[in-house]
Amino acid sequence: MDTIMHFAATMGGMGAIHEANDFVIYKDNSTMTFNLVHAAVHRGVQRFFYASSACVYPTSLQHHGTSPISLREHDVWSSAAPNPQGLYGLEKLNSELLLMQFVEKMQIRIARFHNIFGPCGAWVGGHEKAPAAQLRKALAAHMDPNTQGEIEIWGDGKQQRSFLYIDNCVEAILLLLESDCNEPMNIGSDCSVTIDDLTKISVQSAGMNVGEFRFKYMDNSRPVGVHARNSNNEFITKTLSWTPKIPLEAGMMKTADWIRGEMEKMLDGNDETARTELLSSFKTSKVVYLNRPIITFAILLPITSRGLEGPEKSLENLRTFAKSLARTTWRDTRELGLVHFQVKIYLGIDADDEFLLRRTGNSEMSDIELLLSEEGITDVSTEICDVPRGHVCAIWRQCAHRAWKEKADYFVLMGDDVVLLDEGWMRDIHEQFTVISRHEHVPQGMGCVAFTDVTFPGMPTFPVIHRTHMDAFGGQVIPEVFINQDGDPFLFQLYRKWGCSRMIPSRLSNGIGGSLPARYIQQHADGWTFGPLTDAASALEKSLATSFPTATRKMTLDVVIPSYRVLFPFLDAILALKESPTCEIMFIIIIDDPHSSKIIELEAKYAHRPDIRIRVNESNLGASASRNRGMKESAADWILFLDDDVTPQDDILIEAEKAIRSNPRAAGFIGNTFFPVASTIFTNAVHLAGVTHFWDIAAKMPQNESDVPWGVTANLIARRAQDGVEFDLQFPKTGGGEDIDFCRKKRDFSVAHGGKGFCPAPRVVATHPWWSDGQRSYWRFYMWSKGDGGLIKLYPNFTYLDQTPNSAELFLISTALTVLGAFTYLFTRSSVVFLVSMSLAMATVIANIAHDMYRHLWRDMNRTKALRSSLRGTGWAVAVAESALIRMASEGGRLIGLFERGEIMLIGHRFDWFTGRAGNGPMNEEIMNGQQRMALVALIFGVLCFKFCY
């Protein structure tokens, strides 16, 4: 390494380097310099540049006097003993002396800076120097229409300083580096001004007239430093031929432009009140105090010697964990800065675990405490836990309560088989809580931050909470209902309701219970996403109402996507959807083909995201069972069901939130699922057959409707309630009837408990592709109908008897006649019965096609014209004919379903798809259609019988 340039320091203007901060500054800066010099000498660095300060000069030379101040380099030793400005100046002088000890081993370059300023320097917060501070105040006054024409000045304004623009400084540094000068050298301006004059320049640089303002002097309430200081530049001019090129006024103008831009960034997006408050804060400078708070991370660590190949394995696991803890916290617990971190382990051991409680000899510490001490972890408390074996959550509760009593700041729910992988997780977590507070407008410490668990990607295992949580719940980290499962997601889901749950990149791995089998019987807290979570959220909301009323609870919405094919073009679009700032979204994908080759790619692409949960069924269970699993995984207020082959509109989540907020008491919402324009005979036939009628029912219902009959699960929103309603697995895996049944049960529960039914949400839009790219197949519709025929028995109140048989029932009669005709022919050699059966079948087909021609092309022509179609000409007649075939296939499926379920007595009964919401109109129309078709069948049957039989 050729050169080290050491600019790092805890420093600032008088708001930072005042007497109260002396010891912190001295310790920080001397430690940094000592470590750098030690490393430089050890590595054989050739040249070392050190940024010293004008504060090394004796204060006795910088008080009130009649002679102008001009500090020469040798003036440091002009007093009987050095007398620099505070411990900041003393540390700089001591560091100069330290470096001079190594002048024979490396080239030393020391620059004593005199008030360097310019763009990209500190300008707010208390560490800024006078130029940036006065510019900020002037700019704030200029930007604030309510300004009172007043500029704050610390002291009496008569203090004298010289100021050097950054570009001048850089030029001098480069010259010094290339010179052979080993002596300390001033780098500054030799033209001093008073603080009054500096403030006038600031006002002018902000674009205002000095006469418009008066100065407000803070004579005794703020630190001001020495009275006068100015650089003597004779030595640098003689040695480096350098003088500043950019004058103070020009540098102030450039700095003003930059600070103005920074202020506008901070002000942008604020409402008028917040903007006024921020501008007001810019008009005054802060005094900062650097006495660093100690932030304690309590590691809640249940440990057991049971369930392993041998009890010694528990010590091996603990040592591995301890090594990882020491390695990943070394810097955070030793680093100099504004915050100091420390770790304390709270060991939770079963009261009857003699192996872990043993002590060797007369030692005051247990063997495991000695083990931790060997790894450098000495702050350990042991909790003897008299709880049933395997009750990990009870141990967490006991350890957390003690840590809370001992004033710990953060609580890390950990396991003894965990290995921490990344350094810096303590500062990352602390910073994340600060970000949460700032972005979500909640109290500092509110939230839950989880590690990235590489053995269980996307899951919020081993969460961290702040004592704010413990205070809100009286020292209880998680409710008593939790035994050894679900405690970590409970915390994450609780704070998700305020948008305060995060997952940081810092990783850990989890062995036993993660990638390996658990050491105890896993006991889930059934129903925790309802009662316990709801109660905790209500308690937290009540606490915030008095302590922090601006904290606003968000809506939570989970998107459940059952997927058998894992179609990336569709899934990518769904997983890229964005929600509003007032809604928290999680995507739950249930893979229903455990052998899919695409699972690995999906997990590699998305499993790291905390808002995406990927689950794989052990076998092909079907869409309904997959949706049920998705509901069990959810802890949100609402669920949006999407098929894995729909393309949602970009704003679907925002529109879903709007719909929910407009009708918060609804059981759910029916979105619109459209199909591409029907361009072929088959796709138009599907529309005409009525198969897709309810896919966009939200667009067909009145907007004030509060009880839409049902909607398809391709785009359906449902309230997540403890109603016991799931998709009934009696319906086929391929679908058919389960969506209607689900909506009716949800609706009935909601209405019975004072809520509403399903409401239309026409702006919640998705597009569904034509199945199999529009290739001709009736099997899907046949299977759907086999399923939805089961609704007749389940909902007799929505069922009516149709006296006229439909096509399937006529085909059944024809089939019976065919069988009878075969027997008749065998015994009598007469084919009359057989011909009758054939005539009936042919009449049924012809009559159904003819009647559909009549109603689609004549009677209900307006409905046909309303279809999204590009079909023209005679293609319509062919499409209508095929639609009749599709409808007959569906009627056949329902009839076969009745036979398979043993519901023969229900033949002739029909289900009212509108569940009475449209009155008797749809039912009467279907009965009329049946009668008209039957009349046609009878007519055509008579003609055919006459032709074939006579």
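As the structure is a prediction and not an experimental result, all values here were calculated from the model. (Residues numbered from 1 in each chain as written. Predicted model: local features only at pLDDT ≥ 70, side-chain atom pairs only at ≥ 80, totals over all residues. Heavy atoms only, no water.)

Let's shift gears to the overall build of the protein. Of the regular secondary structure elements, the protein holds 30 helices and 28 strands. Against the 2.2 N^0.38 benchmark of 30 Å for 950 residues, the protein shows a C-alpha radius of gyration of 40 Å, more extended than a compact globule. For the protein, the spread of C-alpha atoms along the three principal axes comes to 140 × 80 × 55 Å. For the protein, with 950 residues in total, the buried portion stands at 54%. Residue pairs at least 24 apart in sequence account for 82% of intrachain contacts in the protein once pairs closer than 6 positions are excluded. Just so you have it, the protein exposes about 42,000 Å², and 56% of that area is on carbon and sulfur atoms. If you average the places of the 94 positive and of the 109 negative side-chain charges in the protein, the two averages end up 4 Å apart. (Helix = DSSP H or I, 4+ residues; strand = E, 2+ residues; numbered from the N terminus. Rg over C-alpha atoms; globule rule 2.2 N^0.38 Å. Buried < 20%, exposed > 50% of the residue type's maximum accessible area, 1.4 Å probe, protein only. Contact = heavy atoms within 4.5 Å. Areas by Shrake-Rupley, 256 points an atom, 1.4 Å probe, with all protein chains shown as cover. Lys, Arg positive; Asp, Glu negative; His and termini not counted. Charge placed at Lys NZ, Arg CZ, Asp CG, Glu CD.)

The next subject is the sheet that holds strand E23 (residues 647-648). Here eight strands make up an open sheet; going across it, the order is E21-E20-E19-E22-E25-E24-E26-E23 and the pairing mixed. Each edge of the open sheet is held by one strand with a lone partner, namely strand E21 (612-616) and E23. (Pairing = 2+ DSSP bridges.)

With respect to the element layout, Asn929 can be found in helix H30 (residues 921-949). On the accessibility criterion, Asn929 (0% relative accessible area) is buried. One polar contact links Asn929 to Arg859, side chain to side chain, over a distance of 3.0 Å. Setting aside residues up to four positions removed in sequence, Asn929 forms contacts with His851, Arg855 and Arg859. (Polar contact = N/O pair within 3.5 Å; in protein donor to acceptor, adjacent residues only side chain to side chain.)

Once that is clear, we can look at the sheet that holds strand E16 (residues 448-453). Taken in spatial order, the eight strands line up as E13-E12-E11-E14-E17-E16-E18-E15 in an open sheet, and their pairing is mixed. Each of the sheet's edge strands pairs with one partner strand only, and the pair in question is strand E13 (380-385) and strand E15 (418-420). Strand after strand, the sheet turns through a mean of 30 degrees between neighbouring axes, direction not considered. (Axes fitted to C-alpha atoms, helices over the stretch in contact; angles between N-to-C directions.)

On to the pattern of salt bridges. Scanning the model with the defined rule gives 68 salt bridges in all. Of the charged contacts in the structure, one is a salt bridge between Arg358 and Asp367, with a shortest N-O distance of 3.2 Å. By relative accessible area, Asp367 is classed as buried at 16%. A salt bridge links Arg901 to Glu903; the shortest N-O distance between them is 3.2 Å. Judged by its relative accessible area of 32%, Arg901 falls in the partly exposed class. A relative accessible area of 9% means that Glu903 is categorised as buried. Within the structure, one salt-bridge network assembled from shared partners comprises Lys344, Asp379, Glu383, Arg402 and Glu406. (Salt bridge = Lys/Arg side-chain N within 4 Å of Asp/Glu carboxyl O.)

In this section: the packing of aromatic side chains. Applying the stated criterion to the full structure yields 33 aromatic pairs. A ring pair is formed by Trp123 and Phe282, whose centres lie 5.6 Å apart and whose planes are at 55 degrees; its orientation type is tilted. In this pair, Trp123 sits in the loop between strand E4 (116-117) and helix H3 (130-143) while Phe282 sits in helix H8 (residues 272-282), placing the two residues 159 residues apart along the sequence. Overall, Phe282 belongs to the buried group, its relative accessible area being 1%. An aromatic cluster of at least three residues, connected via ring pairs, comprises Phe297, Phe341, Tyr410, Trp425, Phe433 and Phe451. A cation sits over an aromatic face here: Arg627 above Phe727, 5.7 Å from the ring centre. Directly above the aromatic system of Phe530 lies the positively charged group of Arg720, at a separation of 4.2 Å from the ring centroid. (Phe/Tyr/Trp six-rings, centres within 6.5 Å; stacked < 30°, edge-to-face > 60°. Lys NZ or Arg CZ within 6 Å of the ring centre and 35° of its normal.)

With 83 residues, the main nonpolar core has Phe587, Leu602, Phe641, Leu653 and Phe669 as its most contacted residues. In this structure, Ile303, Ile349, Cys399 and Trp425 belong to the second largest nonpolar core, which totals 78 residues. (Core = buried A, V, L, I, M, F, W, Y, C linked by side-chain atoms within 4.5 Å.)

This part covers unusual backbone geometry. In this model, Val566 sits at a positive phi of 55 degrees, which is unusual for a non-glycine residue. In this fold, Val566 is placed in the loop between strand E19 (555-563) and helix H17 (568-575). The backbone of Thr915 sits at a positive phi, close to 45 degrees, despite the residue not being glycine. Overall, Thr915 belongs to the buried group, its relative accessible area being 4%.

This brings us to the packing of H17 against helix H18 (residues 599-606). The interhelical angle for the contact between H17 and H18, taken along N-to-C directions, is 20 degrees, at an axis separation of 13 Å. For the element pair H17 / H18, the angle class is roughly parallel. Like other packed secondary-structure pairs, H17 and H18 cross with a definite hand, here right-handed. Along its contact with H17, which presents Phe568, Leu571, Asp572 and Leu575, the element H18 presents Glu601, Leu602, Lys605 and Tyr606. The class makeup of the residues in the contact of H17 with H18 is five nonpolar, no polar and three charged. (Parallel < 35°, antiparallel > 145°, perpendicular 65-115°, else oblique. Left-handed = near helix turned anticlockwise from the far one by under 90°. Nonpolar A, V, L, I, M, F, W, Y, C, P; charged D, E, K, R; others polar.)

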